[in-house]
Amino acid sequence: MNLALKSPEPRAGILDIAAYVPGREHAPGVAKVHKLSSNETPLGASPRAIEAFQQAAFNLERYPDGQAHDLKDAIAAVHGLNPANILCGNGSDELLGLLCHTYLGPGDEGIVTEHGFLVYKIQITAAGGTAVTVGERDARVDVDAILAAVTERTKIVFIANPANPTGTYIPVDEVRRLHAGLPAGVLLVLDAAYAEYVRRNDYEAGIELVSSNFNVVMTRTFSKVYGLAGLRIGWMYAPRQVVEAVDRVRGPFNLNAPAIAAGAAAIRDQAFLAAAVDHNLAWLARVSEALTAIGLRITPSVTNFVLIHFPEAGGRSAEEADTFLTSRGFILRAVSAYGFPNALRMTIGPEEANEGVVAALTEFMGRK
């Protein structure tokens, strides 16, 4: 054997992971593009966050605060939490991965749901564990299916509430029932990336459940309603022992200084957040009603996006709709990787984009 031709091999299972594919950004040959594929807020970031980011540029030679104290304190003040139970990350994606690397190993299992965020399965597998996928019911997390899948090898359960790409949620009583049915040694991770958008009396992001238990974690992000996706800021609220364990495998400077400053300013600007939520609530209803009126099925959503289902036949498939919309500068998200081969996910965008998609799909559905 020629050793010079031998290359290092990844650990078993790594090459079996399907790489995550983000939403498209470009429509070649189109003058003006509306990107509605990544659930980004159309209002952008708070002016206070932008100012804080700019001020941080004058100290780029210095390492950031490794514990992100200013950001933790701001989060704690707004949500009424103890900063010692908060850990910040380079997006909530990093925290999901750190939880897997902290609590999973070869032979362990992590449970995910049928249409759940693809990163869960990726991180479980990357940590050496086995991802167990359970079915959903009407595009919603099925508590009974999760509990039926729990074995002595189960170490972690991931649910997104609200869920992506469906936009559905399960009420707090169902979350509590799920937790009550799990063994004490199983970590329940509640991914509440879209929590700020929800306006339902029976919804709870997870703060109360975390506060009263030792095996529940809630993750949140600044990438959606706060408009800081480009800075990659996430945080988790967790029992002290979970925070201390994950902190041992976290990189020492996983958040950069401008991100810490901008995040702290953004979360304190609750008036700006309220404006973003109001815009979304108004247009979520309008878009859902308009698309339903032209014969498309919409999965009821409590988030800043809608899942649009296309007819099975008649030349009006999701793939054909995607091509039609892209040619007109509207980029939506194909979701076949999530188990919806004939649907597109549309982010609620600015007025021009929302009205443009409705008009384009009206034309598309009326074609002969």
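Thresholds applied
- Residues numbered from 1 in each chain as written.
- Predicted model: local features only at pLDDT ≥ 70, side-chain atom pairs only at ≥ 80, totals over all residues.
- Heavy atoms only, no water.
- UniProt positions renumbered as here; feature names shortened; annotations may be inferred.
- Pairing = 2+ DSSP bridges.
- Helix = DSSP H or I, 4+ residues; strand = E, 2+ residues; numbered from the N terminus.
- Axes fitted to C-alpha atoms, helices over the stretch in contact; angles between N-to-C directions.
- Contact = heavy atoms within 4.5 Å.
- Domains from an automatic or database assignment.
- Buried area = accessible area lost by both parts, 1.4 Å probe.
- Salt bridge = Lys/Arg side-chain N within 4 Å of Asp/Glu carboxyl O.
- Polar contact = N/O pair within 3.5 Å; in protein donor to acceptor, adjacent residues only side chain to side chain.
- Nonpolar A, V, L, I, M, F, W, Y, C, P; charged D, E, K, R; others polar.

In the annotation of an unreviewed UniProt entry, the entry for the protein reads Histidinol-phosphate aminotransferase, and the organism field reads Sinorhizobium fredii. For the record of the protein, the UniProt heading Sequence similarities (unreviewed entry) holds the text "Belongs to the class-II pyridoxal-phosphate-dependent aminotransferase family. Histidinol-phosphate aminotransferase subfamily." UniProt, in the comment section headed Subunit (unreviewed entry), describes the protein in these words: "Homodimer."

1. Focus: the sheet that holds strand 10 (residues 305-309)
The 4 strands lie next to each other as 9-10-13-12, forming an open sheet whose pairing is antiparallel. One side of each edge strand has no neighbouring strand; the edge strands of this open sheet are strand 9 (297-299) and strand 12 (333-335). Averaged over neighbouring strand pairs, the angle between their axes works out to 35 degrees when direction is ignored. As paired strands, strand 9 and strand 10 are joined by 3 bridges and run antiparallel to one another. Paired with threonine 299 across the two strands is leucine 307, which belongs to strand 10. Where helix 10 (residues 270-293) meets the sheet, it contacts strand 9, strand 10 and strand 13 (340-347), and its direction lies at approximately 10 degrees from that of strand 10. The strands that helix 11 (residues 318-327) touches are strand 12 and strand 13; relative to strand 13, the one it contacts most, it runs at about 35 degrees.

2. Notes on the domain arrangement of the protein
Here the protein is partitioned into domain 1 (22-44 + 271-365) and domain 2 (47-269). The C-alpha-based centres of domain 1 and domain 2 are spaced at 26 Å. Listed by partner, the interface residues are 25 residues for domain 1 and 27 residues for domain 2. Both faces considered, domain 1 and domain 2 share a buried interface measuring about 2,200 Å² in area, 65% of it formed by carbon and sulfur atoms. At the junction of domain 1 and domain 2, the tally comes to 0 salt bridges. Between domain 1 and domain 2 we count 8 residue pairs in polar contact (both at pLDDT 80 or more) in total. Of all the elements in the fold, those that place two or more residues in the side of domain 1 that touches domain 2 are helix 10, strand 10 and strand 13. Looking at the side of domain 1 that touches domain 2 residue by residue, the classes come out as 14 nonpolar, 10 polar and 1 charged.

3. Some details on the UniProt feature "domain: Aminotransferase class I/classII large" (unreviewed entry) in the protein
Per the UniProt record, the feature "domain: Aminotransferase class I/classII large" (unreviewed entry) sits at residues 32-361. In residues 32-361, helix accounts for 39% and strand for 18%; the two terminal C-alpha atoms are 18 Å from one another.

4. Concerning the UniProt feature "modified residue: N6-(pyridoxal phosphate)lysine" (unreviewed entry) in the protein
Residues annotated in UniProt with the feature "modified residue: N6-(pyridoxal phosphate)lysine" (unreviewed entry) correspond here to Lys224. Take lysine 224: it is sitting in the loop between strand 7 (216-221) and strand 8 (234-237). Residue contacts for lysine 224: discarding those within four places in its chain leaves Ser38, Asn39, Thr41, Ala193, Tyr194 and Tyr197. Among the polar contacts made by the side chain of lysine 224, one reaches the main-chain carbonyl oxygen of serine 38 at a distance of 3.4 Å.

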